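As a plain string of letters, each chain reads:
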Amino acid sequence: MKTALVAGGAGFIGSHLCEYLLGQGYRVYAIDSLVTGRRINIEHLLANPNFSWIEHDIVAPLYMNVPCDEIYNLASPASPVDFEKIPIFILKTAAIGHMNLLNWAKMNKARILFASTSEVYGDPLEHPQKETYLGNVNCIGHRGCYDEAKRYGEAISMAFRRQYGIETRIVRIFNTYGPRMRPEDGRVIPNFFTQGLSGKPFTIYGDGKQTRSLCYVSDLVEGLHKLMLSDVADPVNVGNPDEYTILEIAKSVAAACGAQFKTEFMPLPPSDPKQRRPDITRAKELLNWSPKISLKEGFVKTLDYFKSSL
Ligand code: NAD
Ligand code: UDP
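Residues numbered from 1 in each chain as written. Chains lettered and ligands numbered in written order. Predicted model: local features only at pLDDT ≥ 70, side-chain atom pairs only at ≥ 80, totals over all residues. Heavy atoms only, no water.

## Describing the packing of helix H5 (residues 188-197) against helix H9 (residues 295-309)
The cut-off we apply is this: Axis geometry follows a simple rule: fit a line to the C-alpha atoms, using only the stretch in contact for helices, then measure angles between N-to-C directions, giving values from 0 to 180 degrees. Under the DSSP-based scheme used, a helix requires at least four consecutive residues in state H or I and a strand at least two consecutive residues in state E, with every element numbered from the N terminus. Convention used here: angles under 35 degrees read as roughly parallel, angles over 145 as roughly antiparallel, angles from 65 to 115 as roughly perpendicular, and any remaining angle as oblique. Take the far helix as the reference: if the near one is turned anticlockwise from it by less than a right angle, the crossing is left-handed, and if turned clockwise, right-handed. Working rule for contacts: check all heavy atoms of both residues, and any pair within 4.5 Å makes them a contact. Three categories are distinguished: nonpolar for Ala, Val, Leu, Ile, Met, Phe, Trp, Tyr, Cys and Pro, charged for Asp, Glu, Lys and Arg, and polar for the others, with Gly belonging to the last.
The interhelical angle for the contact between H5 and H9, taken along N-to-C directions, is 65°, at an axis separation of 10 Å. Looking at the two axes, H5 sits roughly perpendicular to H9. Considering how the two elements wind past one another, H5 and H9 form a crossing that is right-handed. For the pair formed by H5 and H9, the contact residues are Ile-189, Pro-190, Phe-193 and Leu-197 on the first element and Phe-299, Thr-302, Leu-303, Phe-306 and Lys-307 on the second. Of the residues contributing to the contact of H5 with H9, the split by class is seven nonpolar, one polar and one charged.

Next comes the structure, spelled out in structure tokens:
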């Protein structure tokens, strides 16, 4: 039986990953400080004898005598709302926290996957974004704490690989959504579903013409596992290349919720990227991965969740 450690395991993506790995026959340890995660996300897994969870902040060293084969580091606040509230914690989590996990991987001879992000491309001047694009990041802007944290996480992963021969993996995750996102998280999908279901106007930041490409969480999780099992050391984009404007996304959520489409235009947050779409050629060719769930299907599953959580 393989053992996996999932840092950020009580978060939105992390909890789905824990569930997936248990289904694949793994022994799973979830580590989470609950800074943005919730115990309720993993409550249904607690009775499983192959699952354990440890409340721990990865910025502090981890003293655990558990050999493990695979480490997935998903621990990081990820909502732009948190970039304003806890920027130093975000930087420490990727810098010190990820280094603690890399040391653990070194000790255990484990593979380690770092959850990076499309934000490493900043406000991209190349479209769609290939992994070879070096990005357009404003390191001193409001998103700098997150973008540079993730760029550092990638850099230190490669440093451990080059200096110690650690088996590292880097995934650049593009906007992902689905059940277990916190309704008050502040990201676009929780905001729009909450607004659609409560009859409130959709809050559109800027003119709503900026674009995003949305990946359903089950597709994403399968991509993370395929990458871990592969021998691909270079970063890999994992996301859904179907691209929509924010206004189009709001209209689709309104239709899914059966809500009237009312809008409230608000100022665009600073450094908000104007466009984002992954080039997933690398994931297709090297991992034989591509997303399967359409936005319509994903929205049906997401709607059920938000209905039950409001
Ligand atoms: P999330 O906030 O639901 O999950 C993050 C989890 O990490 C939370 O449970 C949080 O409590 C935990 N955490 C944060 N800092 C920690 C620390 N120092 N020690 C221990 N636990 C800590 O967010 P998510 O959307 O599930 O994101 C998971 C990962 O994927 C993050 O690393 C994020 O940067 C990355 N990512 C997500 C998206 C997306 O669209 N969801 C896009 C790009 C990258
Ligand atoms: N957005 C919006 N209304 C909201 C929340 C977000 O118009 O209530 C926009 C935001 O400005 C951005 C996009 O939706 O252009 C995606 O925002 P999110 O916070 O989900 O993630 P990002 O991709 O910006 O990190």
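## Brief notes about the packing of aromatic side chains
We count it as follows: Stacked, tilted and edge-to-face are the three classes assigned to paired rings of Phe, Tyr and Trp, where Trp is represented by its six-membered ring and a pair needs centres within 6.5 Å; plane angles under 30 degrees give stacked, over 60 edge-to-face, the rest tilted. Three exposure classes are used, based on accessible area relative to the maximum for each residue type with a 1.4 Å probe and protein chains only: buried under 20%, partly exposed in between, and exposed over 50%.
Tallied over the full model, the rule gives 11 aromatic pairs. Look at Phe-192 and Phe-202: their rings are 5.5 Å apart centre to centre, the planes differ by 85°, and that puts the pair in the edge-to-face class. Here Phe-192, found in helix H5, pairs with Phe-202, found in strand S8 (residues 202-205); they are 10 residues apart in sequence, far enough to count as distant. Centre to centre, the rings of Tyr-305 and Phe-306 are 4.8 Å apart; their planes meet at 65°, and the pair counts as edge-to-face. Of the two residues, Tyr-305 and Phe-306, both sit in the buried class.

## Things to note about the state of the cysteines
Between two cysteines, a covalent bond joining their sulfur atoms is known as a disulfide. Rule in force here: We call a pair of cysteine sulfur atoms a disulfide when they lie within 2.5 Å.
Within the structure shown, the criterion is met by zero disulfides. Summary of cysteine pairing: Cys-68 is not part of a disulfide, and the nearest cysteine sulfur, belonging to Cys-18, is at 13 Å. Owing to a relative accessible area of 4%, Cys-68 belongs among the buried residues under this scheme. Free cysteine: Cys-139, not disulfide-bonded; nearest cysteine sulfur from Cys-145 at 12 Å.

## Focus: H9
Rules: Expected span of a helix: the number of residues minus one, times 1.5 Å.
The first and last C-alpha atoms of H9 sit 21 Å apart over 15 residues, in line with the 21 Å expected at 1.5 Å per residue. Among the residues of H9, those classed as buried are Leu-295, Gly-298, Phe-299, Thr-302, Leu-303, Tyr-305 and Phe-306. Structurally, H9 contributes buried residues whose contacts are with strand S7 (176-177), H5, strand S10 (215-216), strand S12 (243-245) and helix H7 (246-257).

## Considerations on the sheet that holds strand S5 (residues 111-117)
The line we're drawing: Each pair of strands is called paired provided DSSP finds at least two bridges between the two strands.
If you walk across this open sheet you meet the seven strands as S3-S2-S1-S4-S5-S6-S11, and the pairing is parallel. Looking at strand neighbours, the two that pair on one side only are strand S3 (51-55) and strand S11 (236-238), the edges of this open sheet. Taken over all neighbouring pairs, the strand axes of this sheet differ in orientation by 20° on average, direction set aside. Sheet topology note: the strand S1 (residues 3-7)/strand S4 (residues 70-73) ladder contains four bridges and is parallel. Residue pairing for S4: Ala-7 is matched across the bridge by Asn-73. Packing against the sheet, helix H1 (residues 12-23) makes contact with S1, strand S2 (27-32), S3, S4 and strand S6 (168-173), and its axis sits at approximately 170° to S1.

## Comments concerning the site of ligand 2
Our working rule: Nearness is judged by heavy atoms alone; a residue qualifies as near a molecule or strand once a single heavy atom is within 4 Å of it. What qualifies as a polar contact is a pair of N or O atoms within 3.5 Å, subject to a donor-acceptor requirement within protein and to the restriction that residues adjacent in sequence count only when both atoms come from side chains. Residue-level accessible areas treat just the shown protein chains as cover; the underlying method is Shrake-Rupley with a 1.4 Å probe.
Inspection of the region around ligand 2 gives 17 residues, with Arg-143, Thr-203, Arg-212, Asp-272 and Arg-276 positioned closest. With respect to ligand 2, the side chain of Asn-175 contributes an N or O atom lying 2.9 Å from an oxygen atom. Measuring from an oxygen atom of ligand 2, one finds a side-chain N or O atom of Arg-212 at 2.7 Å. Coverage of ligand 2 by the protein amounts to 95% of the 520 Å² it exposes when considered alone. Listing elements by their share of the shell around ligand 2, those giving two or more residues are H5 and S8. Split by residue class, the shell around ligand 2 holds seven nonpolar, four polar and six charged.

## Some details on the site of ligand 1
Taken together, 30 residues form the shell around ligand 1, and within it Phe-12, Asp-32, Thr-36, Tyr-146 and Thr-176 come nearest. Separating an oxygen atom of ligand 1 from a backbone N or O atom of Gly-11 is a distance of 3.1 Å. With respect to ligand 1, the backbone of Ser-76 contributes an N or O atom lying 3.5 Å from an oxygen atom. For ligand 1, the protein covers 97% of the area, taking 820 Å² as the surface of the free molecule. For the shell around ligand 1, the secondary structure elements donating two or more residues are H1, helix H3 (87-108), S5 and helix H4 (144-164). The dominant element in the shell around ligand 1, judged by the number of residues it contributes, is S5, at three residues. When grouped by side-chain class, the residues that make up the shell around ligand 1 number 14 nonpolar, 12 polar and four charged.

## Quick word on the pattern of salt bridges
The line we're drawing: What makes a salt bridge here is a side-chain nitrogen of Lys or Arg within 4 Å of a carboxyl oxygen of Asp or Glu, nothing more.
If you walk through the whole model with that rule in mind, you get 15 salt bridges. Here Arg-182 ties to Asp-185 by a salt bridge, and the two come within 3.2 Å at their closest N and O atoms. Each member of the pair, Arg-182 as well as Asp-185, is classed as buried. Put simply, Glu-222 and Lys-292 hold a salt bridge, and the shortest N to O gap is 2.9 Å.

## Observations regarding the environment of Phe-12
Tracing the chain through its elements places Phe-12 in helix H1. When the C-alpha positions of Phe-12 and Gly-37 are compared, they lie 7.0 Å apart, and in sequence the two are 25 residues distant.

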